[in-house]
Every structure is written in structure tokens, then in C-alpha cells.
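# Descriptive analysis of the structure
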Amino acid sequence: MTSAALFLPCAAGTEDLLADEVLRILGPQAGGELLRGGITVDGDFATAMRLNLESRLAQRVLWPLAHGPYQNEHDLYALARTVRWTDWITPQQTLRIDTTAQRSPLQSLNFATLRVKDAVCDVLREATGERPSVAQRHPDLPLSLHLSPTHATLYADTSGEALFKRGWRDARGGSVDVKGEAPLKETLAAAMLAAAGWQGRAEDGPLLDPCCGAGTIAIEAAQLACGIAPGLQRRFAFERMLPFGPHLATWQQLKAAAVARQHAPAVPVFAGDVSFRMTDFAQQNAQRAGVAHAIAFKTGDALQRPPP
């Protein structure tokens, strides 16, 4: 299967914003459907890679593997066995299954997850004599199982870690907490900017965040103003998935094109906080995100600081 109806989940209420973003990323020819809690996008392996690299609003990029009705865990086992797992994973690799449900009649989601895992392992054991292991952190093949009241859908999670994890929050070389208290998720910050119609263009005008906290909104804004793709600083699960292997040269080309597209900020971004500590956190985060040059930070009371 070289193309599929990819599912991009997003925060409730941001589906229209995500649909508009996907059109900007893929072009007006992109086909799909607006759903509750996300959108579908028709695409191939290159489409999945590009959406992981470029989308600021999607939570993940999910590749559908199987879909069908179910009544019990045995039906889930049978459904999972319809997938050619040898195309997706080797016995030497690892997997993990995350299950979500909406009014599912099953009594135990843990048992449902176990039965799908059994199906994957049984198929591999029958084909190769060996079975893959389960890894809770950074599996080679993360799977997502969603249960509606009557149907089950099994996806390969091409993102791995959720897309709000841009990669720049990881502290290097020390144990100091540089996130700040209760940091805003990057996907929500991006949705706030999108809802305001602010895309970092010169015609959008400068942006001021006088209560910046850890700097998430300002950093998202500065990356938009500089044309920086949100996924450039992180790794994705698809980089270890077997079907994507022949397409990794395309992935390198996509990243190179994204790097070449970066530019000086098209519009100024100003930020600050009443707390010197939070302003310092925000500056450190901006440095790691590669946009320290694009944000003017200043500590001060928002009620006493006039707009620049």
C-alpha cells in the first residue's frame, strides 16, 4: 500500500484551522475529509513525511492499516492478523500499541491491546520463527488502536512522539528545568496564532506577548516569521519503519528544502514576563529553538509596558 487516507488528529475545535494548514502545505489539490477531532488527507509516504515535518497543528500523522467491525477482543485479533506485518516490522525490532476508545463495549482496553499485540507477534512468529519485543519508549513501530462503539481502526503512528514535541525543549548537558511551570503545548500556541490569522508575514504586523511564560507562543511566532519548519529539530518513527526505508532519500530532500527556505524574520516578535526567571527560561528556549535573534525579550509588568 503506497497511498492511504492519512488521519491527522488535532485539538477539538481546531479542525478547520488544520484543514487550512494542510492546504498551505500540500497545495489546493490535497484531498481529504473534515472529521470530529481531526482530518483525513489522501497521500503517500512522501505526504506523511512532509506533514510530520511541516504541520504545527496536527497532533500526529497516522497511517491506516486495518479497519472493521468488532464485538469482542477475538474480533480485534482477527482484524490485526489481516495486516502483512512482515512489511512493517522485523523480529529484531520493537513495537508498542496505544489504545483509545469512544463508548466501546469492551470491559478492558488493556486486554484489547494485548490481543492486537498477540496478533502481530503470531504473524511474525509464523513467518520467521521469531517475534518482536514490546518497548514502552521509542519503539520502532508505534501502533494506535482506536475503538468506536462498533468499529476498530488500527494505525501506524508515523510521528512516534506527539508532534507538539518540537525537539527544542530537551535540556542538553544539565539537569536544570528549562521548561518553566505548566508550559503551553506548541500545537495549542500555533492554533492560537492561526485563529488570530497571524502567519508571520510582513502584512500581519509585529507580535507582542507581554506574559510569555516559557515563551512558547513567541517561539512559534518567531519560527513562522523565519520560515522554520516545526519538525526540523526532532526525529520521527517513520525513519525506522520498513515501508519508509526506500523513501528516506526523499526525506533528506524535504529537510534540505526546509532548511533552504529559512530566512530573516519577516516581522518583529516581542515578548516578556513580569518574572525575571521566566524571561530567562523563555530566552533559553528561544536559543534552543533557533529563534533567539528573532525575539526581543524584556522583563516587565504587562500593565506598565507600552507596546513597542
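Before reading further, recall that the structure is shown in the block above.
Here goes a summary of the coordinates provided. (Residues numbered from 1 in each chain as written. Predicted model: local features only at pLDDT ≥ 70, side-chain atom pairs only at ≥ 80, totals over all residues. Heavy atoms only, no water.)

Turning our eyes to something else, we now look at the state of the cysteines. Under the defined criterion, the tally for this structure stands at zero disulfides. The closest cysteine sulfur to the non-disulfide-bonded Cys211 is located on Cys212, 8.3 Å from its own sulfur. According to the relative accessible area criterion, Cys211 is exposed, its value standing at 55%. (Disulfide = S-S within 2.5 Å. Buried < 20%, exposed > 50% of the residue type's maximum accessible area, 1.4 Å probe, protein only.)

With that settled, the discussion passes to the pairing of strand S3 (residues 38-44). Every other side chain in a regular strand lies on the same face of the sheet, so the side chains alternate between the two faces. For S3, a buried count of five out of seven residues is recorded, marking the element as mostly surrounded by other parts of the structure. With seven bridges connecting them, strand S1 (residues 3-9) and S3 associate as antiparallel partners. Looking at the pairing, Ser3 lines up with Asp44 of S3. As paired elements, strand S2 (residues 32-35) and S3 share four bridges and run antiparallel to each other. The residue bridging Glu33 from the neighbouring strand is Thr40, located in S3. A loop of two residues connects S2 with S3, the two strands running antiparallel in sequence, and Gly37 in this loop sits at a positive phi of about 90°. (Helix = DSSP H or I, 4+ residues; strand = E, 2+ residues; numbered from the N terminus. Pairing = 2+ DSSP bridges.)

Taking strand neighbours across the sheet as the criterion, the three strands line up as S9-S10-S11 in an open arrangement whose pairing is parallel. At either end of the open sheet lies a strand with only one pairing partner, and these are strand S9 (207-209) and strand S11 (295-297). Averaged over all neighbouring strand pairs, the angle between strand axes comes to 20°, with direction disregarded. Pairing geometry for strand S10 (residues 269-271) and S11, over three bridges, is parallel. Looking at S11, one finds that Val269 is bridged to Ile295. (Axes fitted to C-alpha atoms, helices over the stretch in contact; angles between N-to-C directions.)

Our focus in this paragraph is the packing of aromatic side chains. How two aromatic rings sit relative to each other is set out by the distance from centre to centre and by the angle between their planes. Overall, the coordinates contain eight aromatic pairs when judged by the stated rule. Taking the centre distance of 6.0 Å and the plane angle of 25° together, the rings of Phe7 and Tyr155 count as stacked. In this pair, Phe7 is assigned in strand S1 and Tyr155 in strand S8 (residues 151-157), connecting sequence segments 148 residues apart. Like Tyr155, Phe7 is buried. Ring pairing ties together the aromatic residues Phe45, Trp63, Phe236, Phe238, Phe244 and Trp251, which thus form one cluster. The ring of Phe164 is capped by Lys185, whose NZ or CZ atom sits 4.7 Å from the centre of that ring. (Phe/Tyr/Trp six-rings, centres within 6.5 Å; stacked < 30°, edge-to-face > 60°. Lys NZ or Arg CZ within 6 Å of the ring centre and 35° of its normal.)

For the rest of this paragraph, the subject is the pairing of strand S7 (residues 141-147). With six of seven residues buried, S7 is to be regarded as a mostly interior element. Where strand S5 (residues 94-101) meets S7, seven bridges bridge the pair, whose relative direction is parallel. Bridge pairing links Ala101 to Leu147 in S7. As defined by bridge partners, S7 adjoins S8 across five bridges and the pair is classed as antiparallel. From the neighbouring strand, Leu145 faces S8, where its bridge partner is Leu154.

This paragraph deals with the nonpolar core. The biggest cluster of nonpolar side chains holds 58 residues, and the ones touching the most others in it are Leu8, Trp63, Trp85, Trp88 and Leu143. Of all the elements, helix H4 (residues 109-128) adds the most residues to this core, at six residues. Contacts of Trp88, omitting those with residues within four sequence positions, involve Trp63, Leu65, Val83, Gln93, Leu141, Ala156, Met241, Leu242, Pro243 and Phe244. If you look at the next biggest cluster of nonpolar residues, it comprises 24 residues, including Ile228, Val267, Ala286 and Ala289. (Core = buried A, V, L, I, M, F, W, Y, C linked by side-chain atoms within 4.5 Å. Contact = heavy atoms within 4.5 Å.)

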